[in-house]
Amino acid sequence: MAVGIFDSGLGGLTVWEAVTARLPEVPFVYYGDNAHAPYGVRDAADIFALTCRGVERLWDEGCDLVILACNTASAVALKKMQETWVPKHKRVLGVFVPMIEALTERQWGDNSPPREVAVKHVALFATPATVSSRAFQRELAFRAIGVDVEAQPCGGVVDAIEAGDMILAEALVRSHVEALLRRMPNPEAAVLGCTHYPLLEHVFQDALGPKVSVYSQPRLVAESLADYLARRPEFLGPGTQRRLLTTGDPKKVGAKATQFLKRAMTFEAAFPEA
Ligand code: DGL
């Protein structure tokens, strides 16, 4: 009954932590493509190919359902994967929609026409690829009208986190928040549209000030996954093993993951023969 969690690197661990806490009986298999992170500066064809490779590896682990705990892959590759690549008996789901449903106060599957919502000014922080895809604005427009979105491509933040340089990552977050506030001085809500950013959520909140509600994905994705599996239990795959896989150096990745989540995290090579 395994479920796969995919990310370009360490960021998806924020989602992994929330889903393992919410669904402790489900063996989750994590795949971090650390050898190829960051995805946020790659082109669409590259992101599509790397994401498909990771998802296939998770299918090999008996995960019929894979969560792309990566906004960049969700924004750039997911639609094409669902339309052209994912077989009928498997599912690949992204992390955008649960967050937009929370922001627009909608229930899952509510396909009614877009309507006015309470939040009018939204700051979006994401990778350069996610921002230029405009996937967030597209998904939001299906559900809400009259919402002004100001997006900040947060270059360098994922690289700094992957390198374990949290001082640089914090400085970059503060300068990206400043840049956005110059263009939109009073957002009501801020969306952390990259799964690496919850590792710095307190820095975003501090830089934005206490009046801004910060929407972070891990808890929202965990709730939405629990709801999905209750309705579609057939997508719990045949796998039984919890595993943490990486395309990078398992020792180094494990050490950084342990530092971030403050518990022992042991990674294995995703492709040991390579
Ligand atoms: N955690 C990924 C995301 O949510 C980071 C993407 C990257 O590797 O740049 O977008």
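Residues numbered from 1 in each chain as written. Predicted model: local features only at pLDDT ≥ 70, side-chain atom pairs only at ≥ 80, totals over all residues. Heavy atoms only, no water.

(A) Seen up close, the pairing of strand 9 (residues 189–192). Here strand 9 shows a buried face lined by Ala 189 and Val 191 and a second buried face lined by Ala 190 and Leu 192. Pairing analysis gives three bridges linking strand 9 to strand 10 (residues 213–215), with the strands arranged parallel. By the bridge assignment, Ala 189 is partnered in strand 10 with Ser 213. Note on the crossover from strand 9 through helix 10 (residues 201–208) to strand 10: the handedness is right-handed. (Buried < 20%, exposed > 50% of the residue type's maximum accessible area, 1.4 Å probe, protein only. Helix = DSSP H or I, 4+ residues; strand = E, 2+ residues; numbered from the N terminus. Pairing = 2+ DSSP bridges. Right-handed = clockwise from strand over helix to strand, strands pointing away.)

(B) Expanded view of unusual backbone geometry. Residue Pro 38 follows Ala 37 across a cis peptide bond; omega there is 0 degrees. Notably, Glu 105 is not glycine yet its phi reads approximately 50 degrees, a positive angle. Relative to the helices and strands, Glu 105 resides in the loop between helix 5 (96–103) and strand 5 (115–116). Since its relative accessible area comes to 62%, Glu 105 is described here as exposed.

(C) Structural detail: the site of the ligand. Inspection of the region around the ligand gives 13 residues, with Ser 8, Tyr 39, Gly 40, Thr 72 and His 196 positioned closest. Residue Gly 40 places a main-chain N or O atom 2.7 Å away from an oxygen atom belonging to the ligand. A distance of 2.7 Å separates an oxygen atom of the ligand from a polar atom in the side chain of Thr 72. Taking 300 Å² as the accessible area of the ligand by itself, protein coverage stands at 100%. Class assignment of the residues belonging to the shell around the ligand gives a composition of five nonpolar, seven polar and one charged. (Near = heavy atom within 4 Å. Polar contact = N/O pair within 3.5 Å; in protein donor to acceptor, adjacent residues only side chain to side chain. Areas by Shrake-Rupley, 256 points an atom, 1.4 Å probe, with all protein chains shown as cover. Nonpolar A, V, L, I, M, F, W, Y, C, P; charged D, E, K, R; others polar.)

(D) Highlighting the pattern of salt bridges. One pass over the structure, following the stated rule, counts 15 salt bridges. In this structure, the salt-bridge partner of Glu 139 is Arg 143, at a minimum N-O distance of 3.0 Å. Within this pair, Glu 139 and its partner Arg 143 are both found in helix 7 (residues 135–143), separated by four residues, close to a single helical turn. Glu 139 gets classed as buried once you look at its relative accessible area, which sits at 17%. Relative accessible area serves as the criterion here: at 12%, Arg 143 is assigned to the buried category. Between Asp 227 and Arg 231 there is a salt bridge, with its nearest N and O atoms 3.2 Å apart. On the criterion of helical spacing, the pair formed by Asp 227 and Arg 231 is a turn pair, its members being four residues apart in helix 11 (residues 217–231). Taking the relative accessible area as the measure of exposure, Asp 227 reaches 35% and is therefore partly exposed. Relative accessible area serves as the criterion here: at 35%, Arg 231 is assigned to the partly exposed category. A single network of salt bridges, built from pairs that share partners, joins Arg 57, Glu 61, Arg 243 and Glu 268. (Salt bridge = Lys/Arg side-chain N within 4 Å of Asp/Glu carboxyl O.)

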